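As a plain string of letters, each chain reads:
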Amino acid sequence: PARLELIKRRPVVILDGGHNEGCANALSDFIKKHLKNKRIIMVSSMMADKDYPLMVSMLAPLAEKVFTVTPDNPRALDAAEYAAVLADVGVDATAYASVADAVSAGKALAAEKNIPLVCLGSLYMYAEIYDFLK
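Residues numbered from 1 in each chain as written. Predicted model: local features only at pLDDT ≥ 70, side-chain atom pairs only at ≥ 80, totals over all residues. Heavy atoms only, no water.

This next bit is on the packing of aromatic side chains. A full pass over the atoms with the stated rule returns two aromatic pairs. Ring centres of Phe-67 and Tyr-96 lie 5.5 Å apart, and the angle between their planes is 65°; this geometry places the pair in the edge-to-face category. Taken as a pair, Phe-67 in strand 4 (residues 63-68) and Tyr-96 in the loop between strand 5 (93-95) and helix 4 (99-113) lie far apart in primary sequence, 29 residues in all. (Phe/Tyr/Trp six-rings, centres within 6.5 Å; stacked < 30°, edge-to-face > 60°. Helix = DSSP H or I, 4+ residues; strand = E, 2+ residues; numbered from the N terminus.)

This brings us to the environment of Val-85. Checked against the element boundaries, Val-85 lands in helix 3 (residues 79-88). In this structure the C-alpha to C-alpha distance between Val-85 and Pro-53, which are 32 residues apart in sequence, comes to 7.5 Å. Discounting chain neighbours no more than four positions away, the residues touching Val-85 are Tyr-52 and Val-56. (Contact = heavy atoms within 4.5 Å.)

One key point about sheets: their strands pair by backbone hydrogen bonds, in either a parallel or an antiparallel sense. An order of 1-2-6-3-4-5 is seen for the six strands of this open sheet, with the pairing classed as mixed. For this open sheet the edge positions go to strand 1 (5-9) and strand 5, each flanked by a neighbour on one side alone. In this sheet, adjacent strand axes meet at a mean angle of 20° when their direction is disregarded. As defined by bridge partners, strand 4 adjoins strand 5 across three bridges and the pair is classed as parallel. Each bridged residue has a counterpart across the sheet, and for Val-66 the counterpart in strand 5 is Ala-93. (Pairing = 2+ DSSP bridges. Axes fitted to C-alpha atoms, helices over the stretch in contact; angles between N-to-C directions.)

Following this line, the structure appears as structure tokens:
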């Protein structure tokens, strides 16, 4: 669970709780190998005390659009701040107030563009996303 976990097939929705360099490498390699180098839609959150600029640099080239959220944790990176970091490297990013709204928007865009939705960056939002999508 929460490690490259396929949740839905139409559109493809993958959950990954990875939030460090090793996880970002694994996710990037997986996307390039198994998703045929497709760009993805992402729903993502991060902890402010993690090396999120490194994660952004590794995953941004794969992202068509990112919906950011603030996880329910005192260490959380604010969704608007995270979206601004993504925008600074040329990624179309929008901050959302709730996980449900971000996932709903991400799933709709993934279906419209026929590309995968990958939800990543924090195990703190895994249960909320999983429950919402199931």
